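Results of the structural survey
One-letter residues, chain by chain:
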Amino acid sequence: MPNNEVSEGAKWYVVHTYSGYENKVKANLEKIVENRNMQDYILDIVVPMEEQIEIKDGKKKASLKKVFPGYVLVKMIMNDESWYVVRNTRGVTGFVGPGSKAVPLSDEEIRAMGVEEFAPVLDYEVGDSVKVVSGPLENFIGIVEEINMEKRKVRVSVSMFGRETPVELELFQIQKM
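Analysis parameters
- Residues numbered from 1 in each chain as written.
- Predicted model: local features only at pLDDT ≥ 70, side-chain atom pairs only at ≥ 80, totals over all residues.
- Heavy atoms only, no water.
- UniProt positions renumbered as here; feature names shortened; annotations may be inferred.
- Phe/Tyr/Trp six-rings, centres within 6.5 Å; stacked < 30°, edge-to-face > 60°.
- Buried < 20%, exposed > 50% of the residue type's maximum accessible area, 1.4 Å probe, protein only.
- Helix = DSSP H or I, 4+ residues; strand = E, 2+ residues; numbered from the N terminus.
- Pairing = 2+ DSSP bridges.
- Axes fitted to C-alpha atoms, helices over the stretch in contact; angles between N-to-C directions.

The name given to the protein chain in an unreviewed UniProt entry is Transcription termination/antitermination protein NusG, and the organism recorded there is Acetivibrio straminisolvens JCM 21531. UniProt annotates the protein chain under Sequence similarities (unreviewed entry) with the comment "Belongs to the NusG family."

Below you can see the structure in the form of structure tokens.
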């Protein structure tokens, strides 16, 4: 159990925004949190995105799409001030819940949405030979050069056209040989 009592009471809430304003709301809210020193009450702001692979002209193209257009998820401790700050951020139309009552997401909903990320267990380390298992470089073989757990990325040196090329991949896109 974390001994930080403040973050103990924090829950995820769904905030409705004007369509297309999700990233602006996130940026505005982050600025307000910083300016008002509310980091202990508004802990995280997420616009859930997922990678979609499109095939155009026989080429795979990866792009990020909003999972819930018009919504932003905010991990916060609900009190009068935090409610007011979020509710009155430009682009926010309100909290999701009956009437004007904000209802937090349940643990099951959070897990299902993949919002809270849990530290992945890696079976590879820097210097290991790995195989790319998904994405445009699928089936390529390479050597792990760097692992960035914060960004959840890994840099792999892959042999392409007879020369070594460093590529940045998601942690889950490779597996140890």
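1. With respect to the packing of aromatic side chains
On inspection of all chains with the given rule, the structure shows three aromatic pairs. Seen in terms of ring centroids, Tyr 18 and Tyr 21 are 5.8 Å apart; in terms of plane orientation they differ by 70 degrees. Their pairing is edge-to-face. For Tyr 18, a relative accessible area of 49% puts it in the partly exposed group. Consider the rings of Trp 83 and Phe 95, whose centres lie 6.4 Å apart with planes at 20 degrees: the pair is stacked. Note that Trp 83 is positioned in helix α3 (residues 80–87) and Phe 95 in strand β6 (residues 92–95), a separation of twelve residues in sequence.

2. A short note on the sheet that holds strand β9 (residues 153–160)
Within a sheet, neighbouring strands are paired by backbone hydrogen bonds and run either parallel or antiparallel to one another. Spatially, five strands are ordered β10-β9-β8-β7-β11 in an open sheet, and the strand pairing comes out antiparallel. Single-partner strands in this sheet number two, and they are β10 (163–170) and β11 (174–176). For this sheet, the mean inter-axis angle between neighbouring strands, taken without regard to orientation, is 45 degrees. Alignment of strand β8 (residues 141–148) against β9, held across six bridges, turns out to be antiparallel. By the bridge assignment for β9, Ile 143 is matched with Ser 157.

3. Some points on the UniProt feature "domain: KOW" (unreviewed entry) in the protein chain
Feature annotation in UniProt places "domain: KOW" (unreviewed entry) on residues 123–150, given in this structure's numbering. Between the end C-alpha atoms of residues 123–150 the distance is 17 Å, and the span holds 0% helix and 43% strand.

4. Quick word on the pairing of strand β1 (residues 11–17)
Counting buried residues in β1 gives five out of seven residues, a clear majority hidden from the surface. Sheet topology note: the β1/strand β5 (residues 71–76) ladder contains six bridges and is antiparallel. When the bridges of β5 are listed, Trp 12 appears paired with Lys 75. Sheet analysis places β1 next to β6, joined by three bridges and oriented antiparallel. Each bridged residue has a counterpart across the sheet, and for Thr 17 the counterpart in β6 is Val 92.

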